[in-house]
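Residue-level listing of the chains:
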Amino acid sequence: MSVEPYGADEESAAVLRTVGRVIKMCREREGMTQAGLATAIRYSEEQVSSVERGRRAPAEEFLEAADRVLEAGGLIAGLKKEVANARFPKKVRDHAKLESEAVELCAYANSVVHGLLQTEEYARNLYVMRRPPFSEEQVDELVEGRLARQKIFDQQPAPVFNFVQEEVTLRRPLGGRMLMRKQLEHLLEIGHRRNVEIQVMPTDREDHAGIDGSFQLLRLKEGVTVAHNEVQLTSRLISHVKEIQICEVRYGAIRAQALTPRESLAFIEKVLGETR
């Protein structure tokens, strides 16, 4: 019985099996053993075997090295995009696809820094803390999936972003003081982009429209707006018109109740100073 990669669904598992068969065919065509290929591309024999059986998603470096050593003429290296999509859980792929199609993204986060704003260290710490615990391989895949989503900041034309972060997400020292310092510095860097606004919702607000929890709104290229929220084991895409209207009204109120973007950057700088 084969063991599928973490988060694999039937579609991604089929892609990885196909990639494995292509690599195996190219290897056998060259008369090379798995051990020989492993030595040539500087990976373990177990890794080569797992990739060929579709149990492991190969890294870009693996594909490039195998293509070169096996003289595949780009056949193996050309599979990088397919592998990159297949290595992440389906909900991550679907979420990333929606975000990549958005012309505007608005997000309210009340427990942790929003995924698009997280540093690699912060994201890794969040996954390491999860219970029951993920394996190291699972953590690596999840972190890679989260960082891949952040490529939308560099899309052209650039989407417009607005994030509202609860004050507690800036002060909760997840991973320790130094990790949070780097995360706060990253927020300041992202917040100075012309297409990004970050706002802070102070804890002392007596009126709060986001008390029901985190969510985000995505306005897509074709003019459709969808919402998304995730809590514990549930990830939900919201497309019903009346529910979207409620989310839009709430988000408008949340933005109005939060500090302005300029006030928020000054607030983040203040919190950063307190971590010294």
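The rules behind the values
- Along each chain, residues carry numbers from 1 onward, in the same order as the chain's sequence is written.
- Under the rules for a predicted model, residues below a pLDDT of 70 receive no local features and side-chain atom pairs below 80 are neither given nor counted, while totals for whole chains, interfaces and linings still include all residues.
- As a rule here, side-chain values come from all non-hydrogen atoms in the structure, and water together with hydrogens is ignored.
- Secondary structure elements are defined from DSSP: runs of H or I of at least 4 residues count as helices, runs of E of at least 2 residues count as strands, and each element is numbered from the N terminus.
- Using a 1.4 Å probe on the protein chains alone, a residue whose accessible area is under 20% of its type maximum counts as buried, one over 50% counts as exposed, and one in between counts as partly exposed.
- Working rule for contacts: check all heavy atoms of both residues, and any pair within 4.5 Å makes them a contact.
- This arc is taken over the directions from the axis of the helix to the C-beta atoms.
- Every case where a carboxyl oxygen of Asp or Glu lies within 4 Å of a side-chain nitrogen of Lys or Arg is listed as a salt bridge.

Undergrad: Where do I start with the side chain of N162 in this structure?
TA: With respect to the helices, strands and loops of the structure, N162 is situated in strand β2 (residues 160-166). What makes N162 buried here is its relative accessible area of 2%. The residues touching N162, leaving out its near neighbours within four places in the chain, are L105, C106, A107, E197, Q199, Y251 and R255.

Undergrad: Looking at this structure, I do not really get helix α2 (residues 34-41). What am I missing?
TA: Helical periodicity: at 3.6 residues per turn, an α-helix aligns residues three or four positions apart in one direction. The set of residues buried in α2 consists of L37, A38 and I41. End-on view of α2: buried residues confined to an arc of 100°, all on one side of the axis. Where α2 is buried, its residues meet α1 (10-29), α3 (45-52) and α4 (60-69). Downstream of α2 by one or two residues, R42 has phi in the positive range, about 65°.

Undergrad: Would you mind showing me how to read the pattern of salt bridges here?
TA: Proximity of charged atoms lets side chains of opposite charge pair with each other. Counting across every chain of the model gives 18 salt bridges. Between E99 and R149 there is a salt bridge, with its nearest N and O atoms 2.8 Å apart. Placement of the pair is E99 in helix α6 (residues 90-100) and R149 in helix α8 (residues 136-149), with a sequence separation of 50 residues. With relative accessibility at 10%, the residue R149 sits in the buried group. Here R181 and E185 are joined by a salt bridge, their closest N and O atoms 3.5 Å apart. Here E185 and R181 lie together in helix α10 (residues 177-191), a separation of 4 residues that amounts to about one turn. Residue class for R181 comes out buried when judged on its relative accessible area of 14%. Judged by its relative accessible area of 38%, E185 is partly exposed. Here the salt bridges do not stand alone but share partners, grouping E167, R171, K270 and E274 into one network.

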